[in-house]
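# A structural walkthrough
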Amino acid sequence: MDSAGEVVNDGKITLEGFTVAARAFADKWKRHNLSFPPWSWIPLINRTMLKKEEGYLSLEKIIILSSLEESAEEESLDVTADWSEKEESVDLTVLVQNVEDEAHYYDYHIVYSASYMVPMLYFRGYSSDGKPLSLDVIKRDLPSSSVSLLLESKWTFITQEEHPYLNRPWFKLHPCGTEEWIKLLSESSSSDGCQIPVELYLVSWFSVVGQVVGLKIPREMLI
Amino acid sequence: MAANEEAMKYVWEGAIPLQIHLHKSEVASHPAPPPALVLAPRIGYLPLLVPLIKPYFKDSLPPGEDSIWFDYKGVPLKWYIPTGVLFDLLCAESERPWNLTVTFLSLYLSFISFFCLRDTELGYTNLSFPFYLLLFLRVLETFYLQIHFRGYPSNVLIPCEGEDSAKWNFVNSLKEAAYIINGNCKNVMNMSQSDQEDLWTSVMNGDLDAYTRLLPKLKMGNIEDEFSRKESLSSPVSRQGGGTEIDVAGQVKTARIPVRLYVRSVSQNFENLEDVPEIDTWDEISYMNRPVEFLKEKGKCFTLRDAMESLLPEYSGDRAQTSGEEEADGSQETRGEIKLVRIQGIELKLEIPFSWVVNNLMNPEFYLHISVLVIGPQR
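Here the structure is a predicted model, which is why all the values come from computation and not from measurement.

## As for the domain arrangement of chain B
Residue and element names in this part refer to chain B. In terms of domains, chain B is made up of domain 1 (15-96 + 141-157), domain 2 (167-218) and domain 3 (254-317 + 334-375). Listed by partner, the interface residues are four residues for domain 1 and four residues for domain 2. Together, the buried faces of domain 1 and domain 2 total about 420 Å²; carbon and sulfur atoms form 75% of this surface. On the domain 1 side of the interface with domain 2, the three residues burying the most area are Ile43, Tyr45 and Leu48, jointly 74% of the side's total.

Here it is as structure tokens:
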């Protein structure tokens with residue numbers, strides 16, 4: 001690709017690049033991250049406005065059991081997955097049952113920001129009766145390492161904002177500085193310091209961002 | 001320049017008369033309080049009006065804590081959208097006086113003439129006819145809202161803590177606009193805290209003079225106006241030979257303009273704007289927060305139509321003919337059509353140069369808010 005048409009440039013990504021990267025990310029996730037359900041690509045087809053190839057990635061109904069017993073070192077999240085299709089009624093598969101545990105459900109959307117030219121993570125938590133969880137409750141579900149990261153970092157902070165397409169309040173991880181650390185990642189990961197190939201853009205991005213919300217990706221995805 | 005200042009004055013002085021009723025479920029006094037009448041700046045936000053409105057209703061409220069929100073005909077209003085945009089988007093169609101004037105005027109005249117003829121022998125004259133007409137027109141321009149002090153719909157609206165939320169939203173939008181125009185938010189981040197405060201205060205108070213004084217401190221990049229740019233005869237010739245302007249660094253000049261687009265779609269064509277049905281939920285409005293990008297090409301003018309085409313490719317240009325094309329199976333498909341483009345309350349002709357529109361009609365946070373009414377594709 002010539003310099004004028006670069007899909008990934010300076011840590012940023014174009015809309016077309018995002019669509020490609022999203023598909024590649026979802027594919028790799030499906031192949032390597034079997035403890036989770038797959039991400040879905042939700043196209044932005046409004047019945048009145050046909051937008052070609054625009055959409056966002058969605059991962060929903062991830063159950064996080066907030067255990068009251070915490071290990072001394074790193075907290076590991078007991079994460080189970082709800083495999084049911086969105087349209088069907090929820091059929092829970094719970095690995096660990098503890099009378100004091102409360103099931104919190106999480107939805108994650110990876111949405112493209114045309115302004116900042118980077119992806120953004122939107123998420124929300126709710127209890128089994130559908131009631132939304134407050135940020136304080138959500139923070140308790142996050143690994144303690146990421147909570148301190150959130151508090152100290154100027155790059156990662158969470159705000160409550162309206163979902164760009166769904167007209168509902170969600171939480172958003174701020175994109176400020178994304179292109180800077182993506183650049184750092186690409187410089188350190190490749191021998192000639194070239195740009196991240198578009199297929200790996202979202203994988204690299206999520207390897208950092210996912211950790212903030214407690215979602216780790218297996219190393220196989222980074223190849 | 002003088003023309004630009006005039007336009008900014010127009011934008012900053014634009015105001016919408018609001019008639020605000022306390023929602024009947026919250027009226028705890030008898031009789032119910034009369035509505036509050038407030039003139040709202042177009043570039044302002046609803047939460048900023050609360051101190052003006054609350055005194056009207058404070059004696060009528062049930063006990064408890066306030067969590068204030070507004071609705072228009074049952075639709076909860078997004079408090080972070082400028083008031084003028086809300087009006088242009090939600091109700092201006094049915095309540096714009098200009099379209100109804102002719103119809104009503106003729107009705108009114110016949111009504112009056114009937115009474116005048118009847119009462120001629122009593123010497124009755126109707127001096128107040130022009131007054132009532134004006135009052136009628138005024139009534140039609142009003143934005144009728146309901147205010148709530150309880151029961152905040154937090155499942156659909158993000159929380160609002162009054163002025164602080166409005167300020168946070170403004171600064172965030174400003175940063176985003178700066179990122180789009182300059183490629184980074186440094187100019188906003190580098191502004192001193194007190195300058196940022198003053199900038200916000202100038203917007204809150206509608207103080208254009210103060211805002212204009214603070215603008216140089218903001219160092220927002222220039223959005224070139226084709227009319228103001230001095231054409232230099234010695235500008236570098238395009239290496240690509242396509243008439244594309246290239247600056248000294250050899251970079252193709254692409255401008256990115258912050259735009260927020262609000263699209264209302266109706267399924268059927270209509271003759272009069274007042275036939276457009278009201279919306280029931282925000283889901284009927286497509287919101288696009290997406291910059292318009294255009295190459296600055298010599299000799300070519302990037303118009304508002306070009307901008308709309310880039311944002312809504314399915315609706316604009318020659319491809320959007322309402323006399324459809326035959327599909328393979330013989331069914332006719334008509335593409336959509338843009339019926340109305342409204343910015344700062346003005347219905348604009350699409351031939352206007354886009355840079356003029358941006359420079360003269362953008363909001364103080366450097367965003368251009370465009371309300372669009374389209375007719376969806378027919379099948």
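## Observations concerning the packing of aromatic side chains
Enumeration according to the criterion identifies 26 aromatic pairs over all chains in this entry. Taking 6.2 Å as the distance between ring centres and 20° as the angle between the ring planes, the aromatic pair formed by Tyr106 of chain A and Tyr108 of chain A counts as stacked. Per residue, the accessibility class of Tyr106 of chain A equals that of Tyr108 of chain A, and both read buried. Three or more aromatic residues link up through ring pairs in this structure, and these residues are Phe25, Trp29, Phe36, Trp39, Trp205 and Phe206 of chain A. Over the ring of Tyr367 of chain B we find Arg260 of chain B, and its NZ or CZ is 3.8 Å from the ring centre.

## Quick word on the pairing of strand S8 (residues 158-162) of chain A
Residue and element names in this part refer to chain A. Buried residues dominate S8, accounting for four of its five residues. Relative to strand S9 (residues 169-173), S8 is paired through five bridges, and the arrangement is antiparallel. Bridge pairing in S9 links Glu162 to Pro169. Between S8 and S9, which pair antiparallel and follow one another directly, the connecting turn spans six residues, one of which, Asn167, has a positive phi of 55°.

## Quick notes on the sheet that holds strand S1 (residues 15-22) of chain B
Residues and elements named next belong to chain B. If you trace the five strands from one edge of the open sheet to the other, you get S2-S1-S5-S3-S4, paired in mixed fashion. In this open sheet, the two strands that pair with only one neighbour each are strand S2 (36-41) and strand S4 (75-76). Two elements, S1 and S2, share six bridges in a ladder whose sense is antiparallel. Among the inter-strand pairings, Ile20 is bridged to a residue of S2, identified as Ala36. Of the strands in this sheet, S1, S2, strand S3 (69-72) and strand S5 (143-148) touch helix H2 (residues 50-57), which is tilted by about 175° from S2.

## What to know about the interface of chain A and chain B
Listed per partner, the contact involves 23 residues of chain A and 35 residues of chain B. For the chain A and chain B pair, buried surface summed over both sides reaches about 2,300 Å², with 50% attributable to carbon and sulfur atoms. Put simply, chain A and chain B have two salt bridges between them. Arg290 of chain B is the salt-bridge partner of Glu54 of chain A, the closest N and O atoms lying 2.8 Å from each other.

## Some remarks on the packing of helix H7 (residues 163-182) of chain B against helix H9 (residues 193-204) of chain B
Residues and elements named next belong to chain B. Following both chains from N to C, one finds H7 and H9 inclined at 110°, their axes separated by 11 Å at the closest point. Taken together, the axes of H7 and H9 are roughly perpendicular relative to one another. The two elements H7 and H9 cross, and the hand of that crossing is right-handed. Listed contacts from H9 to Glu163, Ala166, Lys167, Phe170, Val171 and Leu174 of H7 are Gln196, Glu197, Leu199, Trp200, Val203 and Met204. For the contact of H7 with H9, the class distribution of residues is eight nonpolar, one polar and three charged.

## Some thoughts on the nonpolar core
Generally speaking, a soluble globular protein has its nonpolar side chains buried in company with each other. Core analysis: the largest hydrophobic core is formed by 55 residues, its most contacted members being Met308, Leu312, Phe354, Leu368 and Val372 of chain B. Here this core gets eight residues from one element, more than from any other, and that element is H7 of chain B. Core analysis: the second largest hydrophobic core is formed by 51 residues, Val8, Ile110, Ile138 and Val198 of chain A among them.

## Focus: the packing of H9 of chain B against helix H10 (residues 208-218) of chain B
Two numbers describe a pair of packed helices, the interaxial angle and the distance between the axes. All names here are of chain B. Viewed as axis vectors pointing N to C, H9 and H10 meet at an angle of 145°, and their least axial separation amounts to 9 Å. Between H9 and H10 lies a crossing whose hand is left-handed. Between H9, through Asp195, Asp198, Leu199, Ser202 and Val203, and H10, the contact on the second element is made entirely by Ala210, Tyr211, Leu214, Lys217 and Leu218. Classifying every residue of the contact of H9 with H10 by side-chain character gives six nonpolar, one polar and three charged.

## Observations regarding the confidence of the model for chain B
All names here are of chain B. On average, chain B scores 78 in pLDDT, and the residues at 70 or more come to 72%. The low-confidence segment residues 117-128, where pLDDT is below 50, has three contacts with residues more than four positions distant or belonging to other chains. Confidence drops under a pLDDT of 50 for residues 134-139, and excluding neighbours within four residues, the segment shows five contacts in the predicted structure. Scoring of the predicted complex yields 0.80 for pTM and 0.79 for ipTM.

## Looking at the pattern of salt bridges
Residue and element names in this part refer to chain B. In total, this model carries 16 salt bridges over all chains according to the counting rule given. A salt bridge links Asp88 to Arg42; the shortest N-O distance between them is 2.8 Å. With a gap of 46 residues between them, Asp88 in helix H3 (residues 83-90) and Arg42 in the loop between S2 and H2 connect regions that are remote in the sequence. Among the charged side chains, a network of salt bridges with common partners joins Lys54, Asp66 and Arg150.

The rules behind the values
- Residues numbered from 1 in each chain as written.
- Chains lettered and ligands numbered in written order.
- Predicted model: local features only at pLDDT ≥ 70, side-chain atom pairs only at ≥ 80, totals over all residues.
- Heavy atoms only, no water.
- Domains from an automatic or database assignment.
- Contact = heavy atoms within 4.5 Å.
- Buried area = accessible area lost by both parts, 1.4 Å probe.
- Phe/Tyr/Trp six-rings, centres within 6.5 Å; stacked < 30°, edge-to-face > 60°.
- Buried < 20%, exposed > 50% of the residue type's maximum accessible area, 1.4 Å probe, protein only.
- Lys NZ or Arg CZ within 6 Å of the ring centre and 35° of its normal.
- Helix = DSSP H or I, 4+ residues; strand = E, 2+ residues; numbered from the N terminus.
- Pairing = 2+ DSSP bridges.
- Axes fitted to C-alpha atoms, helices over the stretch in contact; angles between N-to-C directions.
- Salt bridge = Lys/Arg side-chain N within 4 Å of Asp/Glu carboxyl O.
- Parallel < 35°, antiparallel > 145°, perpendicular 65-115°, else oblique.
- Left-handed = near helix turned anticlockwise from the far one by under 90°.
- Nonpolar A, V, L, I, M, F, W, Y, C, P; charged D, E, K, R; others polar.
- Core = buried A, V, L, I, M, F, W, Y, C linked by side-chain atoms within 4.5 Å.
- pLDDT = per-residue confidence, 0-100.

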